[in-house]
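Single-letter residue listing:
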Amino acid sequence: MIHLASQFATPFHRRLATDQWLQKLRSFLEDTLVSHQEYQTADAIGSVRAAFNEDRFTGPLSLVKYDFVVELEVARLGTTLCKDQYNASLRYSPDSDTFAFKIETISTVETRAAERKKFAKVDKLVHTIESGGSRDVVDRFACPWCGGKVDVNFHPSGTVFAVYCETDGMHFSKHVEISTPPSWWRDKVSENWLDGGCC
Ligand SMILES: [Zn+2]
């Protein structure tokens with residue numbers, strides 16, 4: 001069961017969000033929660049609002065007037081204290097009377113713990129570089145998110161380095177100040193730094 005508070009500000013959205021429309025949205029979200037095995041239940045409480053909550057976005061040619069943001073707290077089994085989160089941007093199609101996702105964010109106790117483990121691995125790598133560890137450690141390190149290669153670049157001054165996933169910097173990318181760089185740092189100097197020691 002999903003309890004959804006509607007937070008609509010414009011007359012257009014208030015007219016659109018009939019009981020029937022909200023019921024359809026709730027069913028859609030319930031099916032979604034069931035389909036994501038990360039969640040223990042499909043019981044949630046949350047809200048829906050228009051992504052663009054002003055009259056000027058609700059003209060006849062506007063597509064974004066059908067964009068919505070949903071934020072849910074999803075119940076876990078055997079506890080009322082701890083909840084999982086589900087956030088989504090979605091678009092309603094009036095022609096087919098259906099919803100479709102644009103972006104979904106799944107955040108559960110377990111996914112958050114897994115993320116923390118991945119960040120801890122990166123922190124360990126950073127610490128190895130800071131404490132003068134060998135370059136092999138960097139070369140052997142696999143990105144915790146994709147398993148791909150990781151690279152490290154030092155600022156020509158040797159006082160800052162960047163470590164990041166070569167496949168996609170969105171996986172992780174860290175800039176770290178360092179007082180004593182490891183012996184091999186000059187082999188990994190990059191000129192692609194902007195002033196201020198940030199690439
Ligand atoms: Zn990666």
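Residues numbered from 1 in each chain as written. Predicted model: local features only at pLDDT ≥ 70, side-chain atom pairs only at ≥ 80, totals over all residues.

Bridge count between strand 2 (residues 44-50) and strand 3 (residues 67-76): 7 bridges; the pairing is antiparallel. Bridged to Val 48 within strand 3 is Val 70. Summarising the sheet, strand 3 and strand 4 (residues 79-93) pair through 10 bridges and their orientation is antiparallel. Counterpart to Val 70 in the pairing with strand 4 is Ala 88. (Pairing = 2+ DSSP bridges. Helix = DSSP H or I, 4+ residues; strand = E, 2+ residues; numbered from the N terminus.)

Further remarks concern helix 3 (residues 109-130). Here helix 3 spans 31 Å end to end across 22 residues, near enough to the 32 Å set by a 1.5 Å rise per residue. Three or more residues of helix 3 are buried, namely Val 122, Leu 125 and Ile 129. On an axial view of helix 3, the arc spanned by its buried residues comes to 50 degrees, and they lie on one face. Turned more than 90 degrees away from the buried face of helix 3 sit Glu 110, Arg 112, Ala 113, Arg 116, Lys 117, Ala 120, Asp 123, Lys 124 and His 127, all of them exposed. Turning to helix 3, the residues buried within the fold contact helix 4 (135-140), strand 6 (150-154), strand 7 (160-165) and strand 8 (173-177). Backbone geometry just after helix 3 places Gly 132 at a positive phi near 80 degrees. (Expected span 1.5 Å × (residues − 1). Buried ≥ 20, exposed ≤ 12 C-beta atoms within 10 Å, placed from the backbone. Arc of directions from axis to C-beta. Contact = placed C-beta atoms within 7 Å.)

Looking now at helix 2 (residues 19-35). Its 17 residues place the ends of helix 2 24 Å apart at the C-alpha level, agreeing with the 24 Å of an ideal helix rising 1.5 Å per residue. Taken together, the buried positions of helix 2 are occupied by Leu 25, Leu 29, Thr 32 and Leu 33. The buried residues of helix 2 all sit within an arc of 95 degrees when viewed along its axis, so they share a single face. Exposed residues on helix 2 whose side chains face more than 90 degrees from its buried face are Asp 19, Gln 20, Gln 23, Ser 27, Asp 31, Val 34 and Ser 35.

Across the sheet, 5 strands lie side by side as 1-2-3-4-5; this open sheet has mixed pairing. At either end of the open sheet lies a strand with only one pairing partner, and these are strand 1 (2-6) and strand 5 (98-107). Each strand axis lies, on average, 25 degrees off the axis of its neighbour in the sheet, ignoring direction. In the packing of helix 2 onto the sheet, contacts are made with strand 1, strand 2, strand 3, strand 4 and strand 5, and the angle to strand 1 comes to roughly 135 degrees. (Axes fitted to C-alpha atoms, helices over the stretch in contact; angles between N-to-C directions.)

Attention now goes to the environment of Leu 29. With respect to the helices and strands, the residue Leu 29 is situated in helix 2. Accessibility expressed as a C-beta count within 10 Å gives 23 for Leu 29, which makes it buried. A sequence separation of 20 residues divides Leu 29 from Ala 9, and the C-alpha atoms of the two residues are 22 Å apart. In contact with Leu 29, other than residues within four places in its own chain, are Ile 2, Val 70 and Leu 72.

In this structure, Asp 97 takes a positive phi of about 55 degrees despite not being glycine. Mapped onto the elements of the fold, Asp 97 is located in the loop between strand 4 and strand 5. With 10 C-beta atoms packed within 10 Å, Asp 97 lands in the exposed category.

In this section: the nonpolar core. Within the largest apolar cluster, 16 residues are counted, with the highest numbers of intra-cluster contacts made by Leu 29, Leu 33, Ala 44, Val 70, Leu 72, Val 74 and Tyr 86. Breaking this core down by element, the ones donating at least two residues are helix 2, strand 2, strand 3 and strand 4. Considering each element in turn, this core owes the most residues, 4 residues, to strand 3. Other than its neighbours up to four places away in sequence, Tyr 86 contacts Leu 33, Ala 44, Leu 72, Val 74 and Ile 106. With 12 residues, the next largest nonpolar core counts Leu 125, Ile 129, Phe 141 and Val 152 among its residues. (Core = buried A, V, L, I, M, F, W, Y, C linked by C-beta atoms within 7 Å.)

Here the focus is the sheet that holds strand 7. Overall, antiparallel pairing links the 3 strands, which are arranged 6-7-8 in an open sheet. Taken across any chain shown, the strands that pair with only one partner, and hence form the sheet edges, are strand 6 and strand 8. Between one strand axis and the next, the sheet turns by 15 degrees as a mean value, whatever way the strands run. Sheet analysis places strand 7 next to strand 8, joined by 5 bridges and oriented antiparallel. Bridged to Ala 162 within strand 8 is His 175.

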